[in-house]
Amino acid sequence: MLEDFPEWEPCHYLILRAGIMGYGNVGGDLDKVTGKRVTFAGFPIRWVKGDGSIIRLVAIVDEGDQ
């Protein structure tokens, strides 16, 4: 597999280079916002030269969906 994909997680590199933020392994109270229109905000820890981080992911529910 290393021969086929010499870079770690090539899909992550592609989306990050395009300025697209990705979230993985999201857990918590997702059922509370399922089916609602929300804005997600991610607050990462400071990690100099890091390529990923644990974050606090917050769902801000739109006014009409409360």
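Residues numbered from 1 in each chain as written. Predicted model: local features only at pLDDT ≥ 70, side-chain atom pairs only at ≥ 80, totals over all residues. Heavy atoms only, no water.

A. Region of the structure containing the overall build of the protein chain. Along the protein chain, the regular secondary structure elements total one helix and two strands. Along the protein chain, helices and strands appear, N-terminal first, in the series α-β-β. Split into buried and exposed, the 66 residues of the protein chain put 3% on the buried side. In the protein chain, of all internal contacts separated by at least 6 residues, the share reaching a separation of at least 24 is 30%. With an accessible surface of roughly 6200 Å², the protein chain has 56% of that area assigned to carbon and sulfur atoms. (Helix = DSSP H or I, 4+ residues; strand = E, 2+ residues; numbered from the N terminus. Buried < 20%, exposed > 50% of the residue type's maximum accessible area, 1.4 Å probe, protein only. Contact = heavy atoms within 4.5 Å. Areas by Shrake-Rupley, 256 points an atom, 1.4 Å probe, with all protein chains shown as cover.)

B. Expanded view of unusual backbone geometry. A positive phi angle is found at Asn25, which is not glycine, with a value near 55 degrees. Positionally, Asn25 belongs in the loop between helix H1 (10-17) and strand S1 (38-44).

C. Spotlight on the environment of Gly22. Assignment of secondary structure puts Gly22 in the loop between H1 and S1. When its relative accessible area of 42% is taken as the criterion, Gly22 is described as partly exposed. For the pair Gly22 and Gly42, spaced 20 residues apart in the sequence, the C-alpha separation amounts to 10.0 Å.

D. Summary view of the pattern of salt bridges. In total, this model carries one salt bridge according to the counting rule given. With a closest N to O distance of 3.7 Å, Lys32 and Asp29 form a salt bridge. Its relative accessible area of 58% is what places Lys32 among the exposed residues. (Salt bridge = Lys/Arg side-chain N within 4 Å of Asp/Glu carboxyl O.)

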